[in-house]
Amino acid sequence: MRRILLESLSKRPLTEASPGPDEAALAELATSVDHAARRRLGRSLSIREVDAGSCNGCELEIHALNNAFYDLERFGLRFVASPRHADVLLVTGPVTKNMREALERTYAATPDPKWVVAVGDCAVDGGIFSESHAVVGGVHEVVSVDLHIRGCPPSPTQLLKGLLALLERAT
């Protein structure tokens with residue numbers, strides 16, 4: 001055991017370096033989302049994330065939007081704790097029977113104009129969980145969906161592009 005531990009400390013990890021993202025393109029994309037939100041709403045975009053029964057893969061990517069690299073707050077985009085303060089509901093995962101009522105109540109508590117974005121393959125049609133007895137189906141089975149962002153999970157950049165497409169279509 002000691003030999004394995006010493007070998008693992010002396011060798012470099014067998015991982016590849018991540019590709020360097022284009023920081024200028026990311027900044028331009030986030031600025032476009034902010035401008036579209038201000039044009040449409042007159043203020044910044046407020047987002048409420050709702051987990052309707054997912055595996056948390058999509059949540060990790062959504063939470064990455066708040067990290068130091070993406071830092072959405074600098075572009076005026078923000079996550080809110082209450083649906084009463086939200087413009088967009090980002091819903092992840094297939095809607096389980098246990099979460100159906102919670103999603104309906106969250107949707108009802110969100111003021112108009114509101115948009116619902118189904119994030120990930122599971123939110124679109126139930127994904128690999130669609131045959132489960134505990135799953136109602138995709139988000140569209142419970143509330144009306146304005147935008148689907150496919151992926152398992154979609155990257156933060158794909159999420160930003162989806163929000164921009166949503167705002168551009170709404171204006």
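These lines cover the structure that appears in this document, whether it is placed above or below.

What counts and what doesn't
- Residues take numbers from 1 onward in each chain, read along the sequence in its written order.
- Reporting of local features is limited, given that this is a predicted model, to residues whose pLDDT is at least 70; pairs of side-chain atoms are given and counted only at 80 or more, and all residues count toward the totals for whole chains, interfaces and linings.
- Side-chain numbers come from the whole structure's heavy atoms, not from hydrogens or water.
- Note on conventions: DSSP H or I runs of at least 4 residues are helices, E runs of at least 2 residues are strands, and numbering of each starts at the N terminus.
- Here the term buried applies to any residue with accessible area under 20% of the maximum for its type, exposed to any over 50%, and partly exposed to those in between, with areas from a 1.4 Å probe on protein chains only.
- We call two residues contacting when some pair of their heavy atoms lies within 4.5 Å.
- Computed with a 1.4 Å probe, the accessible areas rest on the Shrake-Rupley method; for each residue, only the protein chains presented here act as cover.
- For two strands to count as paired, DSSP must find a minimum of two bridges between them.
- Looking down the strands as they point away from you, a crossover is right-handed if its path from the first strand over the helix to the second goes clockwise.
- Within this analysis, patches are made of residues with over 30% relative accessible area and no salt bridge. Like charges are joined at 9 Å or less; nonpolar side chains (Val, Leu, Ile, Met, Phe, Trp, Tyr) at 5 Å or less.
- A pair is scored as a salt bridge if a Lys or Arg side-chain nitrogen falls within 4 Å of a carboxyl oxygen belonging to Asp or Glu.
- How far a helix is expected to stretch is found by multiplying one less than its residue total by 1.5 Å.
- The directions from the helix axis to the C-beta atoms are what the arc is built from.
- Each axis is a line fitted through C-alpha atoms, and for a helix only the stretch in contact is used; angles between axes span 0 to 180 degrees, taken between their N-to-C directions.
- Centres within 6.5 Å are what make two rings of Phe, Tyr or Trp a pair, Trp counting through its six-membered ring; a difference in plane orientation under 30 degrees is then read as stacked, over 60 as edge-to-face, and the rest as tilted.
- The criterion for a charge sitting over a ring is simple: Lys NZ or Arg CZ within 6 Å of the ring centre, and within 35 degrees of the ring normal.

A tally of regular secondary structure across the protein gives six helices and seven strands. Each helix (α) and strand (β) of the protein, taken in turn from the N terminus, gives the series α-α-β-α-β-β-β-α-β-α-β-β-α. With the C-alpha coordinates aligned to their principal axes, the bounding extent of the protein is approximately 60 × 45 × 25 Å. Classification of the 171 residues of the protein by burial places 43% in the buried group. Taking the intrachain contacts of the protein between residues at least 6 apart in sequence as the baseline, contacts between residues at least 24 apart amount to 79%. Accessible surface, the protein as shown: approximately 9,800 Å² in total, 53% of it carbon and sulfur.

Geometrically, the link from D112 to P113 is a cis peptide bond, its omega value of -5° lying close to zero. Looking at where P113 falls in the secondary structure, it is placed in the loop between α4 (100-109) and β5 (115-119). Of note, the amide linkage connecting C152 to P153 takes the cis form, showing an omega dihedral of -10°. Positive phi, normally seen in glycine, also occurs at N56, with a value near 80°. Mapped onto the secondary structure, N56 falls in the loop between β1 (46-51) and α3 (57-64).

So, about the pairing of β1. Across a regular strand the side chains alternate sides, sitting on one face of the sheet and then on the other. Two elements, β1 and strand β2 (residues 78-79), share two bridges in a ladder whose sense is parallel. Within the sheet, the bridge partner assigned to I47 lies in β2 and is F79. Each parallel crossover has a hand, and the one from β1 via α3 to β2 is right-handed. When β1 meets strand β3 (residues 88-92), the two strands line up parallel, connected through five bridges. Opposite V50, over in β3, you have V91 as the bridge partner.

Let's shift gears to a nonpolar patch on the surface. A grouping of L5, L6 and L9 is seen on the molecular surface, where their side chains present a nonpolar patch of about 340 Å² in accessible area. Its place among the elements puts L5 in helix α1 (residues 2-10).

A few words on helix α2 (residues 23-41). Along its 19 residues, α2 runs 27 Å from first to last C-alpha, staying within 8% of the 27 Å computed at 1.5 Å per residue. L26, L29, A30, V33, D34, A36, A37 and L41 are the residues of α2 that are buried. Buried positions in α2, seen along its axis, are confined to an arc of 165° and lie on one side of it. Of the exposed residues in α2, the ones pointing more than 90 degrees away from its buried face are A24, E28 and R39.

On to the sheet that holds β2. Taken together, the five strands give an open sheet; going across it, the order is β2-β1-β3-β5-β7, and neighbouring strands pair in parallel fashion. The two strands at the open ends of the sheet, each matched to only one other strand, are β2 and β7 (147-149). Across three bridges, the pairing between β5 and β7 is parallel. The partner of V119 across the bridge, within β7, is I149. Its contacts with the sheet put α3 on β1, β2, β3 and β5, and the angle it makes with β3 is roughly 145°.

The next point concerns the pattern of salt bridges. Using the criterion set out here, one finds three salt bridges in the structure. As a salt-bridge pair, E101 and R105 come within 2.8 Å of each other at their nearest N and O atoms. Residue E101 and its partner R105 are located together in helix α4, separated by four residues, close to a single helical turn.

What follows concerns the packing of aromatic side chains. By the definition in use, this model includes zero aromatic pairs. Here the guanidinium or amino end of K114 rests over the ring plane of Y107, the centre of that ring lying 4.0 Å away.

Bear in mind that shape data such as this cannot, by itself, settle questions of function.
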